[in-house]
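Coordinate inspection notes
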Amino acid sequence: MGQYSSLFARPGFRPFAAAGAFAYSAPLVVNIVIAWAVAEAYPGSSQPVTFVALALVFLGLSATLPTLASAAFSGALADRWPRRRLMVAVNGVYIAAAALLVLDLLVRPTASVRAPGPAGFYLPLWVLFVYPLWAAITTASTIFRPAFNASLPRLVDAKDLGRANGLVYAIAIVLGVAASILATDLIALYGNLGVAFAMSVALVLGVGGQFALQAVPRDIDRRVERPPTSFLQDVTAGYRFLWGRRALLQLTLGALAVNFLNAMAFVQLALYATTWLGIANSQAYLYGVLLGGATLGAGFGTLVVNQLNFERRAGAMIIVLIVAQGLTVLGLGVFRSLPFALIDMFLFGMFPGMSQTIFLATVQGTVPDELLGRVFAADEVGSYALVPVGQAVGGTVTLATGAVQLTFVVSGALTIAAGGILAAFRSLRRLAVAPSGGMPEPPIGAVNPPAFEPGDVGPG
C-alpha cells in the first residue's frame, strides 16, 4: 500500500481524486435511476416490452448530438482554458440538470404525447422531460473527462500514472457502488417517490464534487506556452496527432466497434433484468446489485492491472481483455440465472476497468501535455460516435425477436470477433508505454523530474 500512500502525499492529489470520484460516479447513478424509471413507465400497457425498448432507445438517442458535438471541441477547451475552472463550470451544469430531474421525478406530470413507433406508442410527459436533462448531464461529463484526465500528469510523476489512474477510478467505483445500491434501495422501499429520492443521491454527488474541486490546486490551470492558434486549429490538432499514431488510431477505431456492440446490449439492461431475470419493482435493489457488481469489478480491475507490469505490452493486453469482455456479454444472453449474472457482471466490469487504466496511462505517458486534452477528446468522439447507433440497433433486435437475451448473444459474439480482428494489427499488438515528453515540466510539488526519458509509442 506504500505505493498508494505516496500518491496521497502529493500536494492536491487527494481533493483531485475526490473530485474525480464524485464526477465519475454521479452520472452512473443518474443512468441507473432513469433507466429503471423508464423501464417501469408503462404499467398495464398493451405492449410493455416494445414500448419500454423504444423509450430506452430514445433515451440513448436524446444525448447523441450533444455528446458528439461537445466531444469534438471539449479537448480544445481543456487545452486552451484553465482546466480546473472548466471542470467547475461543467460540474455546475450537471448539478442544475440533476436538480431538475429530481423535480421532474417528484412531480411526474401525468399527460402523455404520441411518439414515432408502433400503433399506440406514447411517451409520458415526465419521460419526455428526462431526455434533454440527460443530454445536459452527458454533455457535461463529456467535457469534464478530457480536462480531468489531462490534468493528472500535472499532479504525479510519469512512472506513477498507472497507479494514479487506477486509484482515482477505484475510489470513484467504490463510491458509485455505494451510491447505486442506496439509490436502488430507495426505489425498492418507496416506489415512484423513491425514484425521486434516488435521483437526490446523484444530486448530492454532484455537489460533493463541486466542493472537492474548490480544494484542487489552482496550479493545474497553468497553460503551456505555444504560438497563438485559432480555436478550429486547436480542435483539429488532436485528430492530426492521432492520425499519425497508427496504434492509437487502431485502438480508437476498435473502441468505436466495442462501444457500439456494448451499447446494443446494455441500453436494454433494465428490460433484461425485469423480463429475462424476472426482477420485480419491489426487488429493484437486485438491479442495483447487478450494476454495482459491474462497477465493483471495474474498480478491482483498475487496481489489479497495475500488478501486471503492462507498460511494455499494453496493446496486446487490451486485445485479450476485449475478447474476455465479449465472453461475459455472451454469457449473460446464454445463461438465465441471477447468481450467474451477478458473477458475470463483476467480470464484465473488471475487464474494461483493466483496459481503460492501460489506455489512460498509455496516452498520458506518450502525448505532450499541450495536446493531451485534444487527444482524449478525439478518443471520446471515436469511442462514442456509434453508441447511439448501437442503442438503436439493440432496440431493433429486441423488437424484431421479442427476446432481449438474443441482443446480448449477438453483442457478445461480435465483440469476440472484434478482438480477433484487432489482434491482426501488428502495430497495436506492440503498443507500449514509452513516454515521449508528455510532461513538459515536473508535476506540482515534485522534487525530481519525471523518471522516464523521451521515447515514443511502441514500434509499428
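1. Details of the overall build of the protein chain
Looking only at helices and strands, the protein chain features 17 helices and two strands. Out of the 460 residues belonging to the protein chain, those deemed buried represent 59%. Just so you have it, the protein chain exposes about 17,500 Å², and 68% of that area is on carbon and sulfur atoms.

2. Overview of unusual backbone geometry
Within the chain, R108 stands out as a residue other than glycine whose phi angle is a positive 50°. Assignment of secondary structure puts R108 in the loop between α5 (83-107) and β1 (112-114).

3. Considerations on a positive patch on the surface
Among the surface-exposed residues, R246, R426, R429 and R430 lie close enough to one another that they form a single positively charged patch. Looking at the element boundaries, R426 is found in helix α17 (residues 426-429).

4. Some points on the environment of G301
Secondary-structure assignment places G301 in helix α11 (residues 284-304). It is 8.4 Å that separates the C-alpha atoms of G301 and A170, two residues lying 131 residues apart in sequence.

5. Details of the packing of helix α12 (residues 314-334) against helix α16 (residues 404-422)
Direction vectors running N to C along α12 and α16 enclose 165°, while the axes themselves pass 7 Å from each other. The angle between α12 and α16 places the two elements in the roughly antiparallel class. Note on packing geometry: the crossing formed by α12 with α16 is left-handed. Across the interface between the two elements, I319, I322, V323, G326, L327, V329, L330, L332, G333 and V334 of α12 pack against Q405, F408, V409, S411, G412, A413, T415, I416, G419, G420 and L422 of α16. Here the contact of α12 with α16 is built from residues that sort into 13 nonpolar, eight polar and no charged.

6. What about the pattern of salt bridges?
Summed over all chains, the structure comprises one salt bridge. R83 serves as the salt-bridge partner of D79, at 2.8 Å between the closest nitrogen and oxygen. A residue is classified by how much of its surface remains accessible, and R83, at 3% relative accessible area, is buried.

7. Examining a nonpolar patch on the surface
On the surface, L100, L103, L106, V107, L189, Y190, L193 and F197 cluster together to form a nonpolar patch covering roughly 800 Å² of accessible area. Those elements giving two or more residues to the nonpolar patch turn out to be α5 and α7 (161-214). As for its placement among the helices and strands, L100 is situated in helix α5.

8. Observations regarding the environment of M317
Among the secondary structure elements, M317 is positioned in helix α12. C-alpha separation for the pair M317 and S355, spaced 38 residues apart in sequence, amounts to 7.5 Å.

9. A closer look at helix α6 (residues 125-151)
Between its first and last C-alpha atoms α6 spans 40 Å; for 27 residues at 1.5 Å apiece the expected length is 39 Å, and the two agree. Of all 27 residues that make up α6, 22 are buried, and the element is covered over most of its length.

10. A few points about the packing of helix α2 (residues 13-39) against α6
One can describe the packing of α2 onto α6 by two numbers: an axis separation of 11 Å at closest approach and a directional angle of 155°. Considering the angle they form, α2 stands roughly antiparallel to α6. The way α2 lies across α6 gives a crossing that is left-handed. For the pair α2 and α6, the contacting residues are F16, A19, G20, A23, Y24, P27, V30, N31, I34, A37 and V38 in the first and W126, V127, V130, W134, I137, S141, F144, R145, F148, N149 and S151 in the second.

11. As for the packing of aromatic side chains
Applying the stated rule across the entire model yields 13 aromatic pairs. Taken together, a centroid distance of 5.6 Å and an interplanar angle of 70° make the contact between Y24 and F148 edge-to-face. Remark: F148 occurs in helix α6 and Y24 occurs in helix α2; sequence separation between them is 124 residues. Note on accessibility: Y24 and F148 belong to one class, buried. Ring geometry for Y42 and F51: centres 5.6 Å apart, planes at 65°, overall edge-to-face. Taken as a pair, Y42 and F51 share a single burial class, namely buried. An aromatic cluster is present here, built from Y42, F51, F58, F121 and Y122 joined pairwise through their rings. Taking NZ or CZ as reference, R108 lies 4.2 Å from the ring centre of W126, over its face.

12. Brief notes about the side chain of R83
Secondary-structure assignment places R83 in helix α5. A polar contact of 2.9 Å, which involves the side chain of R83, links it to the backbone oxygen of A78.

13. Quick notes on the nonpolar core
Looking at soluble globular proteins, one finds that nonpolar side chains tend to be buried together. Of all hydrophobic cores here, the largest spans 142 residues; its most connected members are F13, V30, Y94, M199, F266, Y287 and F408. Per-element accounting of this core gives the leading share, 19 residues, to α7. If we ignore the near neighbours within four places in the chain, the residues touching V30 are Y94, L101, W134, I137, M199 and A202.

14. As for the confidence of the model for the protein chain
Looking at the protein chain as a whole, the pLDDT averages 79, with 87% of positions reaching at least 70. Segment residues 435-460 is flagged for pLDDT under 50; beyond a separation of four residues in sequence, or across chains, it makes 70 contacts in the model.

15. Structural notes on helix α4 (residues 64-80)
The terminal C-alpha atoms of α4, which comprises 17 residues, lie 25 Å apart, in line with the 24 Å expected from a rise of 1.5 Å per residue. At F73, α4 is bent by approximately 35°, the largest bend along its length. Here α4 has its buried residues at T64, T67, S70, A71, S74, G75, A76, L77, A78 and D79.

What counts, and at which threshold
- Residues numbered from 1 in each chain as written.
- Predicted model: local features only at pLDDT ≥ 70, side-chain atom pairs only at ≥ 80, totals over all residues.
- Heavy atoms only, no water.
- Helix = DSSP H or I, 4+ residues; strand = E, 2+ residues; numbered from the N terminus.
- Buried < 20%, exposed > 50% of the residue type's maximum accessible area, 1.4 Å probe, protein only.
- Areas by Shrake-Rupley, 256 points an atom, 1.4 Å probe, with all protein chains shown as cover.
- Patch = residues over 30% accessible without salt bridge, like charges linked within 9 Å, V, L, I, M, F, W, Y side chains within 5 Å.
- Salt bridge = Lys/Arg side-chain N within 4 Å of Asp/Glu carboxyl O.
- Lys, Arg positive; Asp, Glu negative; His and termini not counted.
- Charge placed at Lys NZ, Arg CZ, Asp CG, Glu CD.
- Axes fitted to C-alpha atoms, helices over the stretch in contact; angles between N-to-C directions.
- Parallel < 35°, antiparallel > 145°, perpendicular 65-115°, else oblique.
- Left-handed = near helix turned anticlockwise from the far one by under 90°.
- Contact = heavy atoms within 4.5 Å.
- Nonpolar A, V, L, I, M, F, W, Y, C, P; charged D, E, K, R; others polar.
- Expected span 1.5 Å × (residues − 1).
- Phe/Tyr/Trp six-rings, centres within 6.5 Å; stacked < 30°, edge-to-face > 60°.
- Lys NZ or Arg CZ within 6 Å of the ring centre and 35° of its normal.
- Polar contact = N/O pair within 3.5 Å; in protein donor to acceptor, adjacent residues only side chain to side chain.
- Core = buried A, V, L, I, M, F, W, Y, C linked by side-chain atoms within 4.5 Å.
- pLDDT = per-residue confidence, 0-100.
- Bend = angle between axes of the 7 residues up to and from the residue.

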